[in-house]
Amino acid sequence: MNFKVGVIAGDGIGPEITAQAWKVLSVVGKKFGHSFERTDILMGGCSIDACGVPLTDEAVVSAKAQDAVLMGSIGGDAATSPWYQLPPEKRPEAGLLGIRKALGLFANLRPAYLYPELKEACPLRSDTASQGFDLLIMRELTGGLYFGARKTEEVDGLRTATDTLVYNEEEIRRIAKRAFDIAMKRRKKVCSVDKANVLDSSRLWRAVTAEVAKDYPEVELSNMLVDNAAMQLVKDPGQFDVVLTENMFGDILSDEASMITGSIGMLPSASLNESRFGLYEPSGGSAPDIAGKDIANPLATILSAAMMLRYSFDLDQEADAIEAAVKQVLADGIRTGDIMPLDEAQKQKMTKVGCTGMGDAVAERI
Ligand code: IPM
Ligand code: MG
């Protein structure tokens, strides 16, 4: 089959990591008889440089015309990049928030899995790491603090800033359903994370989630306060299957979850709307400090391409092939710098590669 794939290479390490994912996709296409038709789309800092804004209307139109979009990363170094001299709504991140909203990508899936081969790179206590974990954060992506009204003004002579955390029951219901649906295909557990001891939005979140749960009698629902969840993630991540949470909590917890997999360079993600369309991106940032040095880890992007095959194109076998190739690469001791074992003796047994080398290694094993 032929699939139309938009590619937002973006900024920093974005172009190099998406190049590796594209290479792997091309090999998958050849092996399984599909073609992936690539359309490049500008977003983020590179769009500011070329068009003056981080996301143009044309870019949104082009993205909508694709079957799915694969993204690298956007943004630069806030301390030095001229992009951050611009007002907030013109900075690179505004492009990402804009495309999420414009395409209705409300469901953000961030799976965090500890590959047995990466236990040595996991910063958790070794008895915890050796138990492993396989969890998925279902983060709400188009509501909450990110999209509520905000302003900075002077009140009684003091500079005062306001952000608003708003959710209506429909927004909560649709993301909760996604969490339960995916739990049915996993270990049938949903842990809904909120701050219901303080926030009204969390109390509504908890109530609506409990209503949705009634339609999924086989799934076990639990609730956890977000501060406790942050602690439990490092204490006993194996207890989690699907973690359902609102936008901001999901942003924070998914960075934490990625770190315990060994590196943020390992965590893929899918952002989905009501249809099969999705935007697929690594959870990590643009890492401007290592951009262009061919040392970034492309595995999260390659695994994001696998999620694209699975969720947008229904190509499970092909997605399995990519995931198996990644596992094989790790089993063969091939490592980028970020996933090297911490222990010196273990390190000696590994083969260190760069971004391109890692992409080649995966492509060869498809
Ligand atoms: C993420 C990122 C974004 C977010 C930033 C770049 C706006 O941190 O995808 O997690 O906060 O959602
Ligand atoms: Mg984040």
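Quick caveat, the model's predicted, so the values are computed rather than measured.

**Some details on the overall build of the protein chain**
For step 1, the next point in the chain: Looking only at helices and strands, the protein chain has 13 helices and 14 strands in total.
For step 2, the next point in the chain: Overall, the C-alpha framework of the protein chain stretches about 60 × 50 × 45 Å when taken along its three principal axes.
For step 3, the next point in the chain: Per-residue burial for the protein chain yields a buried fraction of 53% across its 366 residues.
For step 4, the next point in the chain: For the protein chain, restricting intrachain contacts to residue pairs at least 6 apart in sequence, the fraction spanning at least 24 positions comes to 75%.
For step 5, the next point in the chain: For the protein chain, the centre of its 40 positive side-chain charges and the centre of its 52 negative side-chain charges are spaced 3 Å apart.

**Section: the packing of aromatic side chains**
For step 1, the next point in the chain: Considering all chains together, one arrives at six aromatic pairs under this definition.
For step 2, the next point in the chain: Judged by centre distance (4.8 Å) and plane angle (75 degrees), the ring pair of Y113 and Y115 falls under edge-to-face.
For step 3, the next point in the chain: An aromatic cluster of three or more residues is present, and its members are F3, F36 and F313.
For step 4, the next point in the chain: The lysine or arginine in question, K101, covers the ring of F147, its NZ or CZ lying 4.7 Å from the ring centre.

**Thoughts on the domain arrangement of the protein chain**
For step 1, the next point in the chain: In terms of domains, the protein chain is made up of domain 1 (1-110 + 263-366) and domain 2 (134-259).
For step 2, the next point in the chain: Using only C-alpha atoms to locate each centre, domain 1 and domain 2 end up separated by 24 Å.
For step 3, the next point in the chain: With 18 residues of domain 1 at the interface, the matching set in domain 2 holds 18 residues.
For step 4, the next point in the chain: Interface of domain 1 and domain 2: buried area, both sides summed, is about 1,800 Å²; carbon and sulfur atoms make up 59% of it.
For step 5, the next point in the chain: Looking at the side of domain 1 facing domain 2, the largest losses of area belong to F106, N108 and R110, adding up to 39% of the total buried there.
For step 6, the next point in the chain: At the surface where domain 1 touches domain 2, the tally comes to zero salt bridges.
For step 7, the next point in the chain: Where domain 1 touches domain 2, the interface holds six residue pairs in polar contact (both at pLDDT 80 or more).
For step 8, the next point in the chain: Secondary-structure elements contributing two or more residues to the side of domain 1 that touches domain 2 are helix 4 (92-102), strand 4 (107-113) and strand 11 (270-272).
For step 9, the next point in the chain: In terms of residue class, the side of domain 1 that touches domain 2 is made up of nine nonpolar, five polar and four charged.

**Quick notes on the side chain of S254**
For step 1, the next point in the chain: With respect to the element layout, S254 can be found in helix 9 (residues 247-260).
For step 2, the next point in the chain: For S254, a relative accessible area of 0% gives the class buried.
For step 3, the next point in the chain: Apart from residues no more than four positions distant in its own chain, S254 is found in contact with R110, I137 and L267.

**Some thoughts on the nonpolar core**
For step 1, the next point in the chain: Core analysis: the largest hydrophobic core is formed by 62 residues, its most contacted members being L109, M138, L299, L309 and F313.
For step 2, the next point in the chain: The greatest single-element share of this core, amounting to eight residues, is contributed by helix 10 (residues 299-311).
For step 3, the next point in the chain: When we break this core down by domain, the ones giving at least three residues each are domain 1 (1-110 + 263-366) and domain 2 (134-259).
For step 4, the next point in the chain: Formed by 21 residues, the second largest nonpolar core is a distinct cluster that contains L114, C122, F133 and I137.

**Focus: the environment of R110**
For step 1, the next point in the chain: Mapped onto the secondary structure, R110 falls in strand 4.
For step 2, the next point in the chain: Each C-alpha atom, one on R110 and one on A270, is 6.8 Å from the other, the two residues being 160 residues apart in sequence.
For step 3, the next point in the chain: Residues in contact with R110, not counting those within four places in the same chain, are R100, L135, L136, I137, R139, S254, L267, P268, S269 and S283.
For step 4, the next point in the chain: Here N108 takes part through its side chain, which lies 2.8 Å from a polar atom of the side chain of R110.

**As for the site of ligand 1**
For step 1, the next point in the chain: E93, R100, R110, R139, Y146 and D251 make up every residue found near ligand 1.
For step 2, the next point in the chain: Separating an oxygen atom of ligand 1 from a side-chain N or O atom of R100 is a distance of 2.7 Å.
For step 3, the next point in the chain: Residue D251 places a side-chain N or O atom 2.9 Å away from an oxygen atom belonging to ligand 1.
For step 4, the next point in the chain: Protein chains bury 77% of the 320 Å² of accessible surface belonging to ligand 1 in isolation.
For step 5, the next point in the chain: Partitioning the shell around ligand 1 into residue classes produces one nonpolar, no polar and five charged.

**A closer look at the packing of helix 11 (residues 316-331) against helix 13 (residues 355-364)**
For step 1, the next point in the chain: Axis separation between helix 11 and helix 13 bottoms out at 8 Å; the angle between their running directions is 120 degrees. At the point where helix 11 passes helix 13, the crossing takes the right-handed sense. Within the contact between the two elements, helix 11 uses A325, V326 and V329 and helix 13 uses M358, A361 and V362.
For step 2, the next point in the chain: Looking at side-chain class alone, the contact of helix 11 with helix 13 contains six nonpolar, no polar and no charged residues.

**Section: helix 9**
For step 1, the next point in the chain: Here helix 9 contains 14 residues, and its C-alpha end-to-end distance of 20 Å stays within 8% of the 20 Å for a straight helix at 1.5 Å per residue.
For step 2, the next point in the chain: Those residues of helix 9 hidden inside the fold are in contact with strand 4, strand 5 (134-140), strand 8 (189-194), helix 7 (200-213), helix 8 (226-235) and strand 10 (242-245).
For step 3, the next point in the chain: Directly after helix 9, the chain includes G262, whose backbone phi takes a positive value near 120 degrees.

What counts, and where the lines are drawn
Residues numbered from 1 in each chain as written. Chains lettered and ligands numbered in written order. Predicted model: local features only at pLDDT ≥ 70, side-chain atom pairs only at ≥ 80, totals over all residues. Heavy atoms only, no water. Helix = DSSP H or I, 4+ residues; strand = E, 2+ residues; numbered from the N terminus. Buried < 20%, exposed > 50% of the residue type's maximum accessible area, 1.4 Å probe, protein only. Contact = heavy atoms within 4.5 Å. Lys, Arg positive; Asp, Glu negative; His and termini not counted. Charge placed at Lys NZ, Arg CZ, Asp CG, Glu CD. Phe/Tyr/Trp six-rings, centres within 6.5 Å; stacked < 30°, edge-to-face > 60°. Lys NZ or Arg CZ within 6 Å of the ring centre and 35° of its normal. Domains from an automatic or database assignment. Buried area = accessible area lost by both parts, 1.4 Å probe. Salt bridge = Lys/Arg side-chain N within 4 Å of Asp/Glu carboxyl O. Polar contact = N/O pair within 3.5 Å; in protein donor to acceptor, adjacent residues only side chain to side chain. Nonpolar A, V, L, I, M, F, W, Y, C, P; charged D, E, K, R; others polar. Core = buried A, V, L, I, M, F, W, Y, C linked by side-chain atoms within 4.5 Å. Near = heavy atom within 4 Å. Areas by Shrake-Rupley, 256 points an atom, 1.4 Å probe, with all protein chains shown as cover. Axes fitted to C-alpha atoms, helices over the stretch in contact; angles between N-to-C directions. Left-handed = near helix turned anticlockwise from the far one by under 90°. Expected span 1.5 Å × (residues − 1).

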